[in-house]
Each structure stands twice: as structure tokens, then as C-alpha cells.
Amino acid sequence: ENGFQFILCEGCRQESPNLKLLSCLHTLCLSCLSKNKCPVCQTSISQANGICHMDNLLFTNLRVRLKVYEKIVDGVNLSCDNCKKGAEFWCPECEEFLCAKCFEAHQHYLKKERHEPKRVMDIRAGSAKDFLDGARRTGNLSCSNLTHKSQTVGIYCKKCEKALCCICTMLDSQHGPFCDIRGETQRRQEELATINQELRQKRSILEATFMSLQDKAARLKEAQQEMQELIRQRVEQLVELLRREEEELLGLVEARQEQGHRELAGELQRVGGLLQRMEAGERLVETMNLYATEQEVMDMQPFIKGSLEELQRLEPLAVAGDRTQPRDMAECRARLQAL
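The paragraphs below set out a description of the structure included in this document. (Residues numbered from 1 in each chain as written. Predicted model: local features only at pLDDT ≥ 70, side-chain atom pairs only at ≥ 80, totals over all residues. Heavy atoms only, no water.)

1. Some remarks on the overall build of the protein chain
Phase 1: Along its length, the protein chain carries 10 helices and nine strands.
Phase 2: A total of 339 residues make up the protein chain; the buried ones form 22% of that total.
Phase 3: For the protein chain, long-range pairs separated by at least 24 residues make up 44% of all intrachain contacts whose partners lie at least 6 apart in sequence. (Helix = DSSP H or I, 4+ residues; strand = E, 2+ residues; numbered from the N terminus. Buried < 20%, exposed > 50% of the residue type's maximum accessible area, 1.4 Å probe, protein only. Contact = heavy atoms within 4.5 Å.)

Structure, rendered in C-alpha cells:
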């Protein structure tokens, strides 16, 4: 039944005949126990204190009893543990199935004992919880002395913290002081209840702290998401700004280049014209030296001389000056440095 899922291993949620109770109070099977940490609360599983786990007798015994209940409900191979006939009764004290005849013998020989066998059909009609309530035995303690296992135990030794039979208390002078085992059991239950009540109060404080931490974690996550979104927005804005700056700088460089080309084209045209005039002057002087008459020299020399002197005054380098150099890109470099 769903109400008894707690007897499964809390790590793998599987049934196991060997359940161990850890110091963190979680129950694991041997397979999950082989890990370094409890898979439920992540507490380290170590033996630094000498006691890291113990057999979870409660869960293990509940599992055994529930197996009996399942066997009764299924009704398969339900036979008397004495004569192997069909079982009609179950004795929780003897933990045996009994047929009608063996039940009569059981009641006759154990009439002074507190054995209360239940009808199988009544158990089958009830719930698992009803069966477990009836199977709880108050007299199932055994003497710590292995030779006295069959003796009734009703005394608790406070010195050695063990359950004892009457024989041990009379023959062994090392024991004492004593108290009733029922009273000690009740005291231990009440002690656990008191501690549990204190832990409940502490748990409420821890739950408030846990909720506060969860709230902080949520706010931290929200702040992280907001900052990430803000960073993305700012980066997008910066990228857009850089793209606009890129377009402006590229346009500025292109404008400078076009202006420089126009200026250089003008200078080239002027210098080219000067070169052609010089070449023409050289050819004209050479031609006059070769072919001009004295009259032609006398008539043309003043004009040619004036033109050549003008060419001397307009030397190519002096005419072109710094304008023959590419346009300065200082403004573009300054804006790039600012970026």
C-alpha cells in the first residue's frame, strides 16, 4: 500500500532485506550505502565517529510482517506450519500459520500465555495497518545472555543498559540498579517524543531560514537576469553606436579621399601643363638654334625669353607645394582613438 512506501530504500526506492539507518536518519540499502554521500541530504557517509549507521530493525521487521500480510491476502500456498494443511489462523506471537486442529492444540497448551491468534479470513478482510497493529508484541524482548534466550524478560539493568531475565538479576551481582522493562521502554519513547518536540520548534526556525534563503536565491536569480538583459541592451546600443560611427568615419574617409583626388587631379593637370610648356620651350629653342634666321631671332627672342623666364619662376615643386601630399587623416585618427 502507498502508506508503507517509507520502508523502501530512500535512495533507490527499492525493497531491500538489509536496510541501514544512517546518522542523518535516512534509510539506505547496501548498494546506496556504498556511496560517499547520502543521496537524500548529501551528508557525508563516513566512520569518523565510529558509528555511521545501524540496522533499521523497524523497517526490516515491518517488511517481513507486510510480506506475511501480502501472503494472507493473496491466499497462495497458505498452509499450516505444523501439519501443512490449509491454514485458517495466524499467531503473531509464534509467527506461525495454524490449521483448525493445530489451533485447538495451540490454545490448549498455551492457554496461560498471551497468544491471540487471528482468523485468516478476518485478517484478509482488514487493512495492512490493522494487521500490523495486531502483530505488535510487547513481550518480544530477549535476554542479553544468549543462554537465557527462552526466559521471559521484564527487567532492565540501568548500569549495563540491557534487558535481563530474572535469572541474570539473581545470579550476576554485577547488574543493578534495575527497573521494569515496560517503564524503561515508555521512558525511552517519551524521551524521543520530547526531543522530537524540541526539534519541531527548531525545525520551524530552520524552515523560516530556508524560505528566506530561497527568497534571496530567487532575488539573486532575478537580479542576475535583469543584469544580463541590461548588458545585452547596452551591448546592442554600443554595437549600433559603433556601426553608426563606422559609417560616419568611412564616409569621412571617402570624402577626404575624393577631395584629395580632386586636388591631386588639379595639381597633376597644372604640373602636366608646365611640363608640356617646358618641353615645347626646349623644342622651340633647339629649333631656333637649328633653323632660325637672324631676323626671326631678333623678332621672336624677346617673347620666347619672357615665357622661359616665367617658367623658371614657376618651378614644379614650388608650384605644387604641400598640396601634392595626401589629405591629412588626423580627424579620423582622433575619433578612432576616442572609441
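2. Some words on the environment of Val40
Phase 1: Assignment of secondary structure puts Val40 in the loop between helix 1 (30-33) and strand 3 (53-55).
Phase 2: By relative accessible area, Val40 is classed as partly exposed at 38%.
Phase 3: Expressed as a C-alpha distance, the spacing of Val40 and His26, which sit 14 residues apart in the sequence, is 7.5 Å.

3. So, the sheet that holds strand 5 (residues 96-98)
Phase 1: The strand order across the open sheet built from three strands is 5-4-6, with neighbouring strands paired in antiparallel fashion. For this open sheet the edge positions go to strand 5 and strand 6 (118-119), each flanked by a neighbour on one side alone.
Phase 2: Here strand 4 (residues 89-91) pairs with strand 5 via three bridges, running antiparallel. Counterpart to Trp90 in the pairing with strand 5 is Phe97. (Pairing = 2+ DSSP bridges.)

4. A few points about helix 5 (residues 128-135)
Phase 1: Of all the positions in helix 5, only Ala128, Phe131, Leu132 and Ala135 are classed as buried. For helix 5, the arc enclosing every buried residue in end-on projection is 95°, short of the 170-degree limit, so these residues lie on one face. (Arc of directions from axis to C-beta.)

5. Some remarks on the sheet that holds strand 8 (residues 162-165)
Phase 1: Pairing is antiparallel across the open sheet formed by three strands, whose spatial order is 8-7-9. With one partner strand each, in any of the chains shown, strand 8 and strand 9 (178-180) form the two edges of the open sheet. Looking at each pair of strands side by side, their axes are set apart by 45° on average, direction ignored.
Phase 2: Bridge count between strand 7 (residues 153-157) and strand 9: three bridges; the pairing is antiparallel. (Axes fitted to C-alpha atoms, helices over the stretch in contact; angles between N-to-C directions.)

6. A short note on the packing of helix 2 (residues 57-74) against helix 5
Phase 1: For the pair helix 2 and helix 5, the least separation of the axes is 10 Å and the interaxial angle reads 120°. Classed by the angle they form, the pair helix 2 and helix 5 counts as oblique. As helix 2 packs across helix 5, the resulting crossing turns out to be right-handed. Two secondary-structure elements touch here, helix 2 through Leu62, Arg65, Leu66, Val68, Tyr69 and Ile72 and helix 5 through Ala128, Phe131, Leu132 and Ala135. (Parallel < 35°, antiparallel > 145°, perpendicular 65-115°, else oblique. Left-handed = near helix turned anticlockwise from the far one by under 90°.)

7. Digging into the packing of aromatic side chains
Phase 1: For the structure shown, the criterion picks out six aromatic pairs.
Phase 2: The interplanar angle of 5° and the centroid separation of 3.8 Å between the aromatic rings of Phe89 and Phe103 together place this pair among those described as stacked. With Phe89 in strand 4 and Phe103 in helix 3 (residues 100-109), this pair connects stretches of sequence that are 14 residues apart.
Phase 3: Relative accessible area serves as the criterion here: at 6%, Phe89 is assigned to the buried category. (Phe/Tyr/Trp six-rings, centres within 6.5 Å; stacked < 30°, edge-to-face > 60°.)

8. Some words on the side chain of Thr27
Phase 1: Structurally, Thr27 is set in strand 2 (residues 27-28).
Phase 2: Within the structure, the side chain of Thr27 is placed 2.8 Å from the side chain of Asn56, a separation counted as a polar contact.
Phase 3: With residues up to four places along the chain from it excluded, the contact list for Thr27 reads Cys9, Glu10, Gly11, Leu19, Lys20, Leu21, Asn56 and Phe59. (Polar contact = N/O pair within 3.5 Å; in protein donor to acceptor, adjacent residues only side chain to side chain.)

9. Observations concerning the packing of helix 7 (residues 181-291) against helix 8 (residues 294-313)
Phase 1: Their axes nearest at 11 Å, the elements helix 7 and helix 8 cross at an angle of 155°. By the angle between their directions, the pair helix 7 and helix 8 is classed as roughly antiparallel. Two packed elements cross with a definite hand, and for helix 7 against helix 8 that hand is left-handed. Counting all contacts with helix 7, which are made through Leu274, Arg277, Met278, Gly281, Leu284, Val285, Met288 and Tyr291, the residues of helix 8 involved are Glu296, Val297, Met300, Ile304, Leu308, Glu310 and Leu311.
Phase 2: Residue composition of the contact of helix 7 with helix 8, grouped by class: 11 nonpolar, one polar and three charged. (Nonpolar A, V, L, I, M, F, W, Y, C, P; charged D, E, K, R; others polar.)

10. Overview of unusual backbone geometry
Phase 1: The phi angle at Arg13 is positive, at roughly 60°, despite the residue not being glycine.
Phase 2: Along the chain, Arg13 turns up in the segment before strand 1 (20-22).
Phase 3: Of note, Leu25 is a non-glycine position whose phi angle comes to about 70°, a positive value.
Phase 4: Along the chain, Leu25 falls in the loop between strand 1 and strand 2.

Treat this as a map of the structure, not an account of what it does.
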